[in-house]
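Remarks on the overall topology
So you can see what is in the structure, the chains are spelled out below.
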Amino acid sequence: MHIRFDVPADPDYPGRVAAALSSVRLRRYGYVGGVLVAVGVIGLVVSRGFARGEQFSSLWLSLVLGGVLSMLYAPWVRLRARRRSSRYAVEGSYDISDNNIMMRSGSESGGIAWDGVTQVRPTPEFWIVYVDRMPATVIPRHLMSAEDAETLHAYLTRRGLLRTR
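About the criteria used
- All residue numbers refer to position in the chain's written sequence, counted from 1.
- Note on the predicted model: pLDDT of at least 70 is required for a residue's local features to be given, and 80 or more for side-chain atom pairs to be given and counted; whole-chain, interface and lining totals, by contrast, use all residues.
- Processing note: side-chain calculations cover all non-hydrogen atoms of the structure and skip hydrogens and water entirely.
- In this scheme, strands are said to pair when DSSP sees at least two bridges between them.
- Think of it this way: any DSSP run of H or I at least four residues long counts as a helix, any run of E at least two long counts as a strand, and we number them from the N terminus.
- Think of each axis as a best-fit line through the C-alpha atoms, taken over the contacting stretch in the case of a helix, with angles from 0 to 180 degrees between the N-to-C directions.
- Definition used for salt bridges: Asp or Glu carboxyl oxygen within 4 Å of a side-chain nitrogen of Lys or Arg.
- Note on exposure labels: buried denotes an accessible area under 20% of the residue type's maximum, exposed denotes more than 50%, and partly exposed covers the range between, all computed with a 1.4 Å probe on protein chains only.
- Note that patches include only residues with greater than 30% relative accessible area and no salt bridge, and the join distances are 9 Å for like charges and 5 Å for nonpolar side chains (Val, Leu, Ile, Met, Phe, Trp, Tyr).
- All accessible-area figures derive from a Shrake-Rupley calculation using a 1.4 Å probe, and residue coverage is judged against the displayed protein chains alone.
- What is meant by a nonpolar core is a set of buried Ala, Val, Leu, Ile, Met, Phe, Trp, Tyr and Cys residues, joined one to another through side-chain atoms within 4.5 Å.
- Whether two residues are in contact is decided by their heavy atoms, any of which lying within 4.5 Å being enough.

Before going further, it helps to examine the sheet that holds strand E6 (residues 126-131). Pairing is antiparallel across the open sheet formed by 3 strands, whose spatial order is E5-E6-E7. In the strand order of this sheet, the two ends are held by strand E5 (117-122) and strand E7 (134-140), each with one partner. Going across the sheet, the axis of each strand differs from the next one's by a mean of 25°, ignoring polarity. Of the strand pairs in this sheet, E5 and E6 are connected by 5 bridges, and their pairing is antiparallel. Bridge assignment links arginine 121 to a residue of E6, and that residue is isoleucine 128.

Moving on to the pattern of salt bridges. Once the charged atoms of two side chains with opposite charge are near each other, the side chains can pair. As enumerated under the stated definition, the model contains 2 salt bridges in all. Note that aspartate 6 and arginine 4 form a salt bridge whose closest N and O atoms lie 2.8 Å from each other. Judged by its relative accessible area of 46%, arginine 4 falls in the partly exposed class. Aspartate 115 is the salt-bridge partner of arginine 159, the closest N and O atoms lying 3.4 Å from each other. Note that arginine 159 is positioned in helix H3 (residues 146-159) and aspartate 115 in the loop between strand E4 (108-113) and E5, a separation of 44 residues in sequence. For aspartate 115, a relative accessible area of 71% gives the class exposed.

Taken together, the side chains of Leu65, Val68, Leu69, Met71 and Leu72 define a hydrophobic patch exposed on the protein surface, amounting to about 440 Å² of accessible area. With respect to the helices and strands, the residue valine 68 is situated in helix H2 (residues 57-85). In this structure valine 68 comes out as partly exposed when scored by relative accessible area, which is 33%.

Another point: the environment of arginine 78. Looking at where arginine 78 falls in the secondary structure, it is placed in helix H2. Judged by its relative accessible area of 25%, arginine 78 falls in the partly exposed class. Along the backbone, arginine 78 and leucine 21 are 57 residues apart, and their C-alpha atoms lie at a distance of 9.4 Å.

Once that is clear, we can look at unusual backbone geometry. Negative phi is the rule for most residues except glycine; trans is the rule for most peptide bonds. The phi torsion at aspartate 132 lies on the positive side, around 60°, for a residue other than glycine. Turning to its location among the elements, aspartate 132 is positioned in the loop between E6 and E7. What makes aspartate 132 exposed here is its relative accessible area of 57%.

The next thing to look at is the pairing of E7. Burial runs high along E7: 5 of the 7 residues are buried. With 6 bridges joining them, E6 and E7 adopt antiparallel strand pairing. When the bridges of E7 are listed, tryptophan 127 appears paired with isoleucine 139. With antiparallel pairing between neighbouring strands as the criterion, E6 and E7 make up a hairpin whose turn holds 2 residues, including aspartate 132 at a positive phi of roughly 60°.

Counting 27 residues, the largest nonpolar core has Trp114, Ile139 and Leu152 as its most contacted members. For this core, the element with the highest residue contribution is E6, accounting for 5 residues. Ignoring anything within four residues of it in the chain, the contact list for isoleucine 139 reads Phe5, Tyr94, Ile96, Ile101, Trp114, Glu125, Phe126, Trp127, Val129, Met144 and Leu152.

Further remarks concern the sheet that holds E4. If you walk across this open sheet you meet the 4 strands as E1-E2-E3-E4, and the pairing is antiparallel. Only two strands of the sheet have a single partner each, and these edge strands are strand E1 (2-7) and E4. The average angle at which neighbouring strand axes cross in this sheet is 10°, direction not considered. Bridging between strand E2 (residues 92-97) and strand E3 (residues 100-105) involves 5 bridges; their strand directions are antiparallel. For aspartate 95, the partnering residue across the bridge sits in E3 and is methionine 102.

Okay, here's the thing in structure tokens:
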């Protein structure tokens, strides 16, 4: 297998990459926030039925507020990543072979050997490549030809790397 494609100097592309990589790590804040909001609302409702329930209303409201802030944290981080990374728009390329993924962006280059990759998770726009449990890079599906995307998909499946959500 040998797949090569270019990445144009699109100001939105680095932000989309940053958002995809950060969404993996930030998803838990949404879950924690949902739990905090649910516990806070249940606590508020239940405490209204007790005589001393008003004494604990600030605790329950704090849980609700903390939960809402926790749920808003991930979108805030993604927005900041998109804004900051827009100035890094440079041309680049990917060169994917049976041995590794080589990436070039401007004057920088780097690679990841397939032997170090533990899993690959698909998103609508990217394949997120993991080394151990950390997302290491993305492979943009929309910039590949349909044949190359199918070839890579078959390779990832054959190696047992492709994981669905």
